[in-house]
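# Results of the structural survey
The primary structure of each chain is shown beneath.
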Amino acid sequence: ASAADTIKVGLLPIDSGMFARNLPFVVDSAKLAVEVLNAQGGAAGKKFELVIQNHPGTPASAMAAGQRLIQQEGAQYLTGFFTSSIAGALSPKMAGMNALLIDPVSLATDLIGKNCQPNYFRVSAPEGLIGNAFHTLLRQTGAKTWSTISHDFAAGHAFASEVKEVVGGMGGSVQKSFFTPIGTTDFGSYITQLAKDPTEALGVALYGSDALAFAKQQQQFGLFAKFKAVVSQGFADELTVGAQGDSTVGVVGTQNWSATLPGAKVAAFVKAYEERYKRRPNYVEADMYAGFEMLQAAINKAKSSDVNAVRIALAGLKAETVLGEVEMRAADHQLVRPITLIQVVKGADGTASVAVKSVISGRENTPPPSADCKMPS
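Residues numbered from 1 in each chain as written. Predicted model: local features only at pLDDT ≥ 70, side-chain atom pairs only at ≥ 80, totals over all residues. Heavy atoms only, no water.

### Some remarks on the pairing of strand β6 (residues 145-151)
Across the 7 residues that make up β6, a large majority, 7, are buried. In terms of strand pairing, β6 meets strand β7 (residues 173-180) through 7 bridges, oriented parallel. The residue of β7 that forms the bridge with T145 is S173. Sheet topology note: the β6/strand β8 (residues 201-205) ladder contains 5 bridges and is parallel. When the bridges of β8 are listed, I149 appears paired with V204. (Buried < 20%, exposed > 50% of the residue type's maximum accessible area, 1.4 Å probe, protein only. Helix = DSSP H or I, 4+ residues; strand = E, 2+ residues; numbered from the N terminus. Pairing = 2+ DSSP bridges.)

### Some remarks on empty space enclosed by the protein
With the rule as written, the count across this model stands at 2 cavities of 30 Å³ or more. Residue lining of the largest cavity: E127, G131, A155, A158, F159, E162 and Q233, and that is the complete set. Approximately 40 Å³ is the volume found for the second largest cavity. As for the second largest cavity, its lining consists of V9, Y77, L78, T79, I102, G291, F292 and L295. When residues of the lining of the second largest cavity are traced back to their parent elements, those giving at least two are β3 (77-80) and α10 (283-302). Residue classes in the lining of the second largest cavity are distributed as 6 nonpolar, 2 polar and no charged. (1 Å grid on protein atoms, 1.4 Å probe; cavity = no way out; pocket = protein on both sides within 12 Å on 5 of 7 lines; lining within 4 Å. Points joined across faces, edges and corners; volume = space filled by probe spheres on them. Nonpolar A, V, L, I, M, F, W, Y, C, P; charged D, E, K, R; others polar.)

### Comments concerning the packing of helix α1 (residues 23-39) against helix α9 (residues 264-277)
Interhelical geometry of α1 versus α9 gives an angle of 110° and a closest axis separation of 11 Å. As judged from the angle between their axes, α1 and α9 are roughly perpendicular. Crossing angle aside, the handedness with which α1 passes α9 is right-handed. Contact residues: α1 offers F25, D28, S29, K31, L32 and E35, while α9 offers F269, A272, Y273, R276 and Y277. The residue makeup of the contact of α1 with α9, split by class, is 6 nonpolar, 1 polar and 4 charged. (Axes fitted to C-alpha atoms, helices over the stretch in contact; angles between N-to-C directions. Parallel < 35°, antiparallel > 145°, perpendicular 65-115°, else oblique. Left-handed = near helix turned anticlockwise from the far one by under 90°. Contact = heavy atoms within 4.5 Å.)

### Focus: the environment of Q76
Mapped onto the elements, Q76 comes out in the loop between α2 (59-71) and β3. Classification of Q76 as buried rests on a relative accessible area of 19%. With 231 residues separating them along the chain, Q76 and V307 place their C-alpha atoms 6.8 Å apart. When near neighbours in sequence (up to four residues on either side) are disregarded, Q76 contacts T6, I7, K8, N98, A99, L100, S305 and V307. In terms of polar contacts, Q76 uses its side chain to reach the backbone carbonyl oxygen of S305, at 3.3 Å. (Polar contact = N/O pair within 3.5 Å; in protein donor to acceptor, adjacent residues only side chain to side chain.)

And the structure:
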């Protein structure tokens, strides 16, 4: 089929560094989404076509890969695994390249605040939504004194600030905050400082291979046992628990989605995933898939795959997706969506797994649009 007969979606997976382990999740979910949506007839009479360009995970490499997909491969829409810095580099360029960026991963508030862009739409749960869910978890612990350890980049500092703000509002305080470089392999010095005169609770926001290393090393020193509660953001969830073994049992946190949630769309998605890949989908894959669902719904609403028409259709779009009932908010292009509260538990066979404690709806949990976002009409 010629480019005019298909809807080209460019996919940007990261193939090296701490986020490389997510590459199969990104690619598998995108391929399944295209397969399923095309079996449904595609959108506006056209079929979806996926074009893929791996890159090593820097803003510069993502920009080069994205430009190649748009300018040489004819992609009209980009999605993939975006850190906040990558999304921040790409999103201002989309309008000039007549393309849309649909982001299923990043967290930073500024992307839907002072740096919001007309051709940028975010499916993933932002820092503010996660922060509100954290508020619930923090209150449930009853702890007044806290320590935090997180990555030394934007999302890690935002996490520490969020914990400080929320705990302070409860009459408590954060007494220790540590920020670790991405790619840290030896957490011994941080563990020693956290274990000395431990606070009541600990907040952890470490990702990828760093999360695995910290979990294993803290277990050797019995660090988590020194705290009344350990609260995770992306540190202990269904992406990491298999490799972490029983080192994070008892840790509570937030997770965008779970394959155990009720609903026909969830059941159909999980069934298709298990049949195709012989495993259950995780929340990264669900968010990726939901991005394609929103794109299909917007194209059908616009009755066209023209980028400007789809941009207009996406703003304010309500749809039923694998995430549940959602709305792409027109004011800042943030998806209003549910989020789950989870805990790592040990089953009767001794294997650790993630259990959903509760689900918080997007309407009650998503912060209002930022006044700093000046979205063109």
